[in-house]
Every structure is written in structure tokens, then in C-alpha cells.
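Listed below, chain by chain, are the residues.
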Number of protein chains: 2
Amino acid sequence: MVRAQEGPRARYREQTRSEIKQTALGQLAESGVGALALTRVAKEMGLSGPALYRYFANRDDLLSALIRDAYDDAAAAVGQAAAEAEARGRSPRERLRELADAYRAWAIDEPHRYLLIQGAPVPGYVAPDDTRGRARAVLGPFLPVFANGTPEAGLAALVVEMTDWLAEDESVGAWVAEYAPDVLGDLRAPSYALAGTVLVWAQLHGSVGLEAAGNFTGMGHGGGTLLMAQLNLLADAFALR
Amino acid sequence: MVRAQEGPRARYREQTRSEIKQTALGQLAESGVGALALTRVAKEMGLSGPALYRYFANRDDLLSALIRDAYDDAAAAVGQAAAEAEARGRSPRERLRELADAYRAWAIDEPHRYLLIQGAPVPGYVAPDDTRGRARAVLGPFLPVFANGTPEAGLAALVVEMTDWLAEDESVGAWVAEYAPDVLGDLRAPSYALAGTVLVWAQLHGSVGLEAAGNFTGMGHGGGTLLMAQLNLLADAFALR
DNA sequence: CGCTGGAGTTATGCTCCGTAACTATTGAAA
DNA sequence: TTTCAATAGTTACGGAGCATAACTCCAGCG
């Protein structure tokens, strides 16, 4: 993370930046996004006010950094689960379950960070360009899971739309190629992979989002069961082994 | 809405309240939740500052009113779709589709209002008590759709959890009784209805939430197709006619 | 027809964002 | 080792916005 060759100046700077982010995360967890105040972060760190502007251009810049980190963390969690599943020779069905579980576990463990990337429509805030790529990195490991599945009839329209999407936007093909390279020769597999991934994306967003926002309190801890139920439907719909 | 017997004073008051809400909604659509500022609402109305405090205790109170209205509107949209489907003698499968479509249509038509109730985790804001009831009113019409379905094996765990939930929380049974009264005699139907409704809740939250937050821009207009695909899976899983 | 209560006003204090102008430290080059 | 320029930090400031207090004014009620 910290490169020594860049000298003590840069190192110290990076350390402070990370300390700021840490403090900001703490306040985020306590009081929510809207309450994130540069002044308060500074005060909590023993600094005073404008000092933080040396490290982040403004509040949105700090927020962007936190969001970037959250994406990267989520991607790492899912990616690690994928690597483990690979190493253990899991079936597609098991892999789907384990990947989704890793995603959910990360989200529930730090709901405030999840809510940050969950699509939380922060007011005038415009997501930086690299957000799309980072979001795709989170979902990428799901692509190979569905690449060998066969979607049932009810998903035909979605598959068609995915095919169109592939034709329209080159970056989508590149995304598939990066995470499911062994499927490029097949004509239909990329569309299948995309359809399954988009579906799992929506399902994760749905059940994990509701859970992270606290909508399940008072109804047992339904989050896991609900997600598993949805995954079962999805796995069946793709006839995953 | 406005009761004449309460005299001109009360009527005028109610009218101003509603004008405030209207103006606030406009700013909400333009600049997002976080940017909702009492001062700016007042200025746009030609009033100045503290005048609004006659009508709303504070910013959160105004927000609460907007959220309440949004829930009621959504419930009305879904409820009306249910009434129409009833009148036309739709099959459960068709009803599911039409109810979900009505929900989505309302949400996409006014995304800012949808995002308000979507679980948008407003910072220190705590939802008033009646929120739960209003949320349930939105989803209630889905209950009878699933009451006569038969959930497939993969949903067993979820059904069990719903049964537990029914046993623990009386209000849940009352909710089912209100929207699907003809099912009370049956032992399993209420759990089935709940399982289906919770699933459709999560699916709606997933796909409509992503669409409303703008995550589908640049991939065709996938919102409708995605939702339909999910509904097909769900209808199949409950063997809906 | 008086008067009370509600509508609206200005004034004030607080918090926070973000900029400007300044000081002091310290790493790095000569 | 000495100098010096970049960097970390400071106080001072102006602008928004929330919320309260104290006031004026008017209209509907009795």
C-alpha cells in the first residue's frame, strides 16, 4: 500500500489520509452519511477545520474515496470467495451460494459502508467515472457461475436484451472476457452469464439492501433465509448443477 | 381532503401545508434529499425563513409528511391495480404482473419520491411509528395473489420462517387477514402468502431500486424486462395459474 | 365591535462548508 | 551542514442553513 521509495513526506501524507478516512467511517457508522462533517472529523482528530482540505478537496472528494474503498473491499470479499470456491472445486450451484453469502456477509458486517455503494442517492453527488468499473469488479465473479447454465423459457426476453447490450457496448464484452475467459467462443454463453449476473445483482440488491437498511428487524433474522430462497429460484432457473 | 366545517382558518392552513409540500417535492426532484432546505422552500414560496415552522416542526417533520404521502400514493397505485385486476377476473399470474407493474410504474414515474421510501437511509432520521403500517399497505394486495399458490421445495425454509413470524407477531396475522381474509381457515396459506409477498418485496426493491437510482442507464432500458424475468421465476416457484 | 390567536416578520446564535492569508516545520538539495 | 522551498497546520472570514425568540399585524370568532 505505502511505497517507501516515495519518501517520508508522502508516506506520512498517506497515513494521515487513511486516518481521516477511518475517522470519517466511524462517524458514518454512528450518524449516517448526511451527518458526515469535515469539521467534526477534524475535531475528533485533534485538528482544526481547514486542515483536512490539504488531504481532500472537499466533502464529496472524501466521500468518493470512501465509496471507492467500499467497492474495492466488497470486490475483494467476493473475489476471495470465488478463489476459495475455485480451489475447492465447488459446483456452480455451490459457488453461487458462497459468492452471494460472501457479498451479504460483507454488507451486513458493515451496513453503513454497504449503504454507501448500494445506490444511496447522495444529493448532488455525481459518481466518479471509475465507479462503473469498480461495481463490475464486485459482480464479475458471478459471471462464470452462470456461463454454463441454461436459462429457462421465462428468461428469454432478458437474455435477448443482454445480447443486445453486448452488441451495443464493447466494455460489456470485455467485462465478460475478463471474468469468464473460457466462454468467449460460445455464442450464447456470454448472454447467459450476463442475464444470470444481472438477476443476482438485482436479488442481492433487494434482499441485502432491505436487510442492511434494517427492514427485517422484528421478523426473525430473515435476511439469510430470504436470500437463500431467491438463490434457489435462480439456480433452478439456470439449471445449475 | 379538506373539511369545510373546520372553518376558513383550518382550510387555509391545510392549503398552505400542501403548497409547502409541493414546493419541497419540486426541490427534491431537482436536487435530491440532502439538498432539501426549509429556507429555500420558503424563499421559492415568497415567504421568508421561519414562517414554515408554523406548519412543520422542523425539516424532519416535513420529510416525514412527504414520506407518508409517498407511501399512501404507492399504496393507492397498487391498490387500484388490484381492484382493476379483481374486476377483470385476472388469474393470479396476471395479477402478480399487473400489481408489480403498477408499483414499478409509480416508482419510475417519480423516482425521487420512490427513493424517499425505498429505504433511503436518511441520516439521523427515525421513521415514525405508522411507517410500518403504511409500508404494509403497499404490499398488502400481493398477499392474496400467493395465498393459493404452492411454493416449491427450495422455498421451504422461508415458509417456515414466515410461520414463525406469524406466531411471534400478532400484527402480521392481522395484516394477512385484512388483505386475504378468505384464507384464514387454511393452516398453510397465510405462510405461503407471506413468503410470496416478502419475495416479491425483495425483488421489487432490487430491480425497481436499481432502475430508479439510475443504474440501468446505458444498458438498454432493462428495468421492465428484468422485473418481468424475476416475476416469471417467482410465479413458477409458486405454481401460479 | 373588540380582542385573541394565528400568520408572518426581523434579529440572533449555532454549525458547517469552503477560501484566504498567514506561520512554522522539515525534508531535501547545494 | 546549512539553506530554503514545499508542506502541514493555524486563525480569520463569508456564506448557507437550521432553529428559537420576540415582535407586528390582521382576520375571524364571540
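Anything mentioned here points back to the structure above.
For clarity, every value in this text was computed on a predicted model and none was experimentally measured.

> What's the story with the relation of the copies chain B and chain A in this structure? I'm lost.
Comparison of the two chain copies shows a relationship of rotation about an axis with a shift along it. Aligned on chain A, chain B shows an RMSD of 0.0 Å; the corresponding rotation is 180° and the shift along the axis is 0.0 Å. A rotation of that kind, with that shift, is consistent with a two-fold axis. Closest to the rotation axis within chain B is the C-alpha of G206 of chain B, separated from it by 1.8 Å. Comparing interface residues between copies, 100% of those in chain B also lie at the interface in chain A; the contact surface is shared.

> I tried to follow the environment of W106 of chain B on my own but got confused; where do I start?
Residue and element names in this part refer to chain B. Inspection of the secondary structure puts W106 in helix α4 (residues 92-109). Judged by relative accessible area, which is 11%, W106 ranks as buried. Considering only alpha carbons, one finds W106 and A213, 107 residues apart in sequence, at a separation of 14 Å. Among all residues touching W106, those that are not within four sequence positions of it are A70, D73, A74, A77, R113, Y114 and I117.

> So what exactly am I meant to see when it comes to the protein's contact with DNA strand D here?
Close to DNA strand D lie 19 residues, the nearest being R54 and Y55 of chain A together with A37, L38 and T39 of chain B. In DNA strand D, atoms within 4 Å of the protein come from the sugar-phosphate backbone in 67% of cases. Contacts to DNA strand D include Y55 of chain A, whose side-chain N or O atom sits 2.6 Å from a phosphate oxygen. Within the contact set of DNA strand D, a phosphate oxygen lies 2.7 Å away from a side-chain nitrogen or oxygen of T39 of chain B. Contributions of two or more residues to the surface near DNA strand D are made by α1 (7-31) of chain A together with α1 (7-31) and α2 (38-44) of chain B. Examining the composition of the surface near DNA strand D, we find that 3 residues originate from one element, α2 of chain B, more than from any other.

> Hey, could you run me through the packing of α4 of chain B against helix α11 (residues 222-237) of chain B in this one?
Two measures define how a pair of helices packs: the angle their axes make with one another and the distance between the axes. Residue and element names in this part refer to chain B. Contact geometry for α4 and α11: axes closest at 10 Å, N-to-C directions at 145°. The element α4 and its partner α11 pack so that their crossing is right-handed. When α4 is examined against α11, the residues R93, L96, R97, A100, D101 and R104 are found in contact with a partner set consisting of G223, G224, L227, M228, L231, N232, A235 and D236.

> Is there a simple way to think about the environment of A229 of chain B in this case?
Here A229 of chain B shows up in helix α11. Judged by its relative accessible area of 2%, A229 of chain B falls in the buried class. Taking the C-alpha atoms as reference points, A229 of chain B and G218 of chain B, separated by 11 residues in sequence, lie 19 Å from one another. The contact partners of A229 of chain B, leaving out residues within four places of it in the chain, are G154, L155, L158 and L199 of chain A.

> Explain the packing of aromatic side chains here, please?
We describe a pair of aromatic rings using the distance from one ring centre to the other and the angle between the two ring planes. According to the stated counting rule, one finds 6 aromatic pairs over all chains in the structure shown. Their ring planes at 85° and their centres at 6.0 Å tell us that Y103 of chain A and Y114 of chain A sit as a pair that is edge-to-face. Here Y103 of chain A is found in helix α4 (residues 92-109), whereas its partner Y114 of chain A is found in helix α5 (residues 111-117), with 11 residues between them in sequence. Of the two residues, Y103 of chain A and Y114 of chain A, neither departs from the other in class, the shared state being buried. Of note, R136 of chain B hangs over the ring of W175 of chain B, and the distance from its end group to the ring centre comes to 5.5 Å.

Conventions we followed
- Residues numbered from 1 in each chain as written.
- Chains lettered and ligands numbered in written order.
- Predicted model: local features only at pLDDT ≥ 70, side-chain atom pairs only at ≥ 80, totals over all residues.
- Heavy atoms only, no water.
- Least-squares fit on C-alpha atoms with pLDDT ≥ 70 in both.
- Contact = heavy atoms within 4.5 Å.
- Helix = DSSP H or I, 4+ residues; strand = E, 2+ residues; numbered from the N terminus.
- Buried < 20%, exposed > 50% of the residue type's maximum accessible area, 1.4 Å probe, protein only.
- Near = heavy atom within 4 Å.
- Polar contact = N/O pair within 3.5 Å; in protein donor to acceptor, adjacent residues only side chain to side chain.
- Axes fitted to C-alpha atoms, helices over the stretch in contact; angles between N-to-C directions.
- Left-handed = near helix turned anticlockwise from the far one by under 90°.
- Phe/Tyr/Trp six-rings, centres within 6.5 Å; stacked < 30°, edge-to-face > 60°.
- Lys NZ or Arg CZ within 6 Å of the ring centre and 35° of its normal.

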